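Residue-level listing of the chains:
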Amino acid sequence: MRLNHEIDEIAYHHEKKVLEAMWFDSDAKPICPFPPRGIWIEITTYCTLNCKFCAHQTMKRPKGEMDIGLFKKIIKDISKMLDDFGDREMTEIALTRWGEPLMNKNLEQFIKIVKDHGLYAYLPTNGTIMTEKQRDMLLGSGLDKMNISVDTIHDERHQEVMGIPIHKRLINILSLFRERFVRGVEKPVIEVSMVKYPGYEREIELFKQFFEVISADRTNVGDCFNLMGTVDIDFDPDNKTAPCINPWYCIGIYWDGRCNFCLQDPEGDETCIGNCAEVPLYEIWNNKEAQRIREAVWKGDYDKFLPCKKCNVNVYRRYQQKPFFEAFVNYAQRMRSLDPSRINLSEYTYLTHLQSIVSGSMIKKNWKRSIGIIDEVIIRLKSGRERFFDIAQSIVDTYGTGEKKCTKL
């Protein structure tokens, strides 16, 4: 078994040079000369989990779901903005912020609206309520990419941190992969992710190897954020050695239309730059408040933008300006992957992010084999006699490459 690591080298280097030129030309000006690359739209704040590393459990603002009329307006405004900038291919629309999007009964309509405007549709989910009907909808919706946040494969830790047993959730997730492979459809591309929450380090390698064996398109291990101080994670403010990328890279929209650059802010009171229910998004992106925040963040003058003081995002190199801008090339290579062995690792400082969000699926010749493996795992999970962690270990030992062995917990 091998990963689908193929890329058009000439196109890759061409795009990289274009993006570098764009970056140096912009010089991190308060007015951003290109549109947001990630637009995160909160279609619901309701969730099925209560994870200890999520601010959802402490969120104070009212819960709610986005009105479909407002959603249509936002997507229309986004489409106009991208047309005006002359750049549609490098922006993705993520249908979540703080909540489980599968809880919104209008999800299928939301996806259709995005696709009807020719935009790239991305759905993050925790997979807890992914029923057979929903799996059928997702695989036929035109959705481009999904991220399923598994976060931990350790049975006892899953129960403790997320509040529910792991078995049913994993059956739902694996059933989605199985159905996709049986149908032979390449979209949505499906990545699985976990967070580097303190204490999880020993299970990371097994997580990656297990989901590689069952032919997940990507595995992504992300940093753990303190979410504007709502999650108790120590960090050294002196490590904030470069500007955060977010004000030039993305914009988040709460269910009531309020917008901000700070995707890690569960409330939005201090970070709001406008409301796209009242003003078109393309006017908000470079308005005076957006420019004020960009200037403060670029200069590291956190006294002029206080939320940065209590946030640990730009402690991590992936959220610092120059490395992250180089990662834009993945958006231009939607149907390809990067081969890490052919890239200068000292030049690309966050290769796992490059790998995780390009949109090339695993090669199909692995799918038939993976269906049988998934069937075995689901049967063992349904029996209830084994921990999932132990099942995953035995699957990797039996079907994996054998290059690495995982430490049993």
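Residues numbered from 1 in each chain as written. Predicted model: local features only at pLDDT ≥ 70, side-chain atom pairs only at ≥ 80, totals over all residues. Heavy atoms only, no water.

> I'd love a proper account of the overall build of the chain, names of residues and values included.
Secondary structure assignment for the chain yields 15 helices and 9 strands. When each of the 409 residues of the chain is scored for burial, the buried share is 59%. Across the chain, the fraction of contacts at a sequence separation of at least 24, relative to all contacts at a separation of at least 6, is 74%. Summed over all atoms, the accessible surface of the chain reaches about 17000 Å², with 51% contributed by carbon and sulfur. (Helix = DSSP H or I, 4+ residues; strand = E, 2+ residues; numbered from the N terminus. Buried < 20%, exposed > 50% of the residue type's maximum accessible area, 1.4 Å probe, protein only. Contact = heavy atoms within 4.5 Å. Areas by Shrake-Rupley, 256 points an atom, 1.4 Å probe, with all protein chains shown as cover.)

> An account of the pattern of salt bridges is requested, with residue identities and associated values reported.
Applying the stated criterion to the full structure yields 21 salt bridges. As a salt-bridge pair, Asp136 and Arg183 come within 2.3 Å of each other at their nearest N and O atoms. One end of the pair, Asp136, is in helix α4 (residues 132-140); the other, Arg183, is in helix α6 (residues 167-183), with 47 residues separating them in the sequence. Since its relative accessible area comes to 34%, Arg183 is described here as partly exposed. The salt bridge partner of Arg183 is Glu179, with a shortest N-O separation of 2.8 Å. With Arg183 and Glu179 both in helix α6, this residue pair falls 4 residues apart, about one helical turn. (Salt bridge = Lys/Arg side-chain N within 4 Å of Asp/Glu carboxyl O.)

> Quick one: what's the story with the packing of aromatic side chains, residue by residue and with numbers?
Within the structure shown, the criterion is met by 9 aromatic pairs. Between Trp40 and Tyr122, the aromatic rings sit 5.8 Å apart at their centres with planes inclined by 85 degrees, giving edge-to-face as the arrangement. Highlighted residues: Trp40 in strand β1 (residues 38-41) and Tyr122 in strand β3 (residues 120-125), separated in sequence by 82 residues. Overall, Trp40 belongs to the partly exposed group, its relative accessible area being 22%. On the basis of an interplanar angle of 50 degrees and a centroid distance of 4.4 Å, the ring pair of Phe71 and Phe110 is categorised as tilted. Remark: Phe110 occurs in helix α3 (residues 107-116) and Phe71 occurs in helix α2 (residues 68-85); sequence separation between them is 39 residues. Neither Phe71 nor Phe110 differs from the other in exposure class; each is buried. One aromatic cluster in this structure is built from Phe207, Phe210, Phe211 and Phe388. Above the ring of Tyr282, the side-chain terminus of Lys80 is found at 4.5 Å from the ring centroid. (Phe/Tyr/Trp six-rings, centres within 6.5 Å; stacked < 30°, edge-to-face > 60°. Lys NZ or Arg CZ within 6 Å of the ring centre and 35° of its normal.)

> Residues and numbers for the sheet that holds strand β8 (residues 258-260), please.
The mixed open sheet is built from 9 strands, whose spatial order is β6-β5-β4-β3-β2-β1-β7-β8-β9. For this open sheet the edge positions go to β6 (218-222) and β9 (274-275), each flanked by a neighbour on one side alone. Note: β3 against strand β4 (residues 145-149), 4 bridges, orientation parallel. Its bridge partner lying in β4, Thr125 is registered against Ile148. This element, helix α7 (residues 204-213), spans β5 (189-195) and β6 of the sheet and lies at about 160 degrees to β6. (Pairing = 2+ DSSP bridges. Axes fitted to C-alpha atoms, helices over the stretch in contact; angles between N-to-C directions.)

> So what about the layout of surface pockets? Which residues, and what values?
Taken as a whole, the second largest pocket encloses approximately 170 Å³ of empty space. Lining the second largest pocket are 13 residues, and of these Met228, Asp265, Glu267, Glu270 and Lys310 sit closest to its centre. Taken together, the residues of the lining of the second largest pocket break down into 3 nonpolar, 4 polar and 6 charged. (1 Å grid on protein atoms, 1.4 Å probe; cavity = no way out; pocket = protein on both sides within 12 Å on 5 of 7 lines; lining within 4 Å. Points joined across faces, edges and corners; volume = space filled by probe spheres on them. Nonpolar A, V, L, I, M, F, W, Y, C, P; charged D, E, K, R; others polar.)

> Summarise helix α15 (residues 388-399); cite the residues concerned and give the values.
In this model, α15 (12 residues) spans 16 Å end to end at C-alpha, consistent with the 16 Å of a helix rising 1.5 Å per residue. Among all positions in α15, only Phe388, Phe389, Ile391, Ala392, Gln393, Ile395 and Val396 are buried. Those residues of α15 hidden inside the fold are in contact with α5 (155-162), α6, α7 and α14 (367-383). (Expected span 1.5 Å × (residues − 1).)

> For the side chain of Ser175, give the residues involved together with the corresponding values.
By secondary structure assignment, the location of Ser175 is in helix α6. Take Ser175: its relative accessible area is 16%, and that puts it in the buried class. Ignoring anything within four residues of it in the chain, the contact list for Ser175 reads Arg135 and Ile378.

> Give a detailed account of helix α10 (residues 288-299), specifying residues and quantitative values.
Every α-helix winds through 3.6 residues per turn, so residues three or four apart in the chain are directed the same way. Counted at 1.5 Å a residue, the expected span for α10 with its 12 residues is 16 Å, and the 17 Å between its end C-alpha atoms agrees. Of all the positions in α10, only Ala290, Ile293, Arg294, Ala296 and Val297 are classed as buried. Buried residues along α10 cover an arc of 165 degrees about the axis, so they all sit on one side. Exposed and oriented more than 90 degrees from the buried face of α10 are Lys288 and Lys299. Next to the buried residues of α10 lie α8 (246-249) and α9 (281-284). One side-chain oxygen at the N-terminal end of α10 lies 3.2 Å from the backbone nitrogen of Glu289; it belongs to Asn287. (Arc of directions from axis to C-beta. Polar contact = N/O pair within 3.5 Å; in protein donor to acceptor, adjacent residues only side chain to side chain.)

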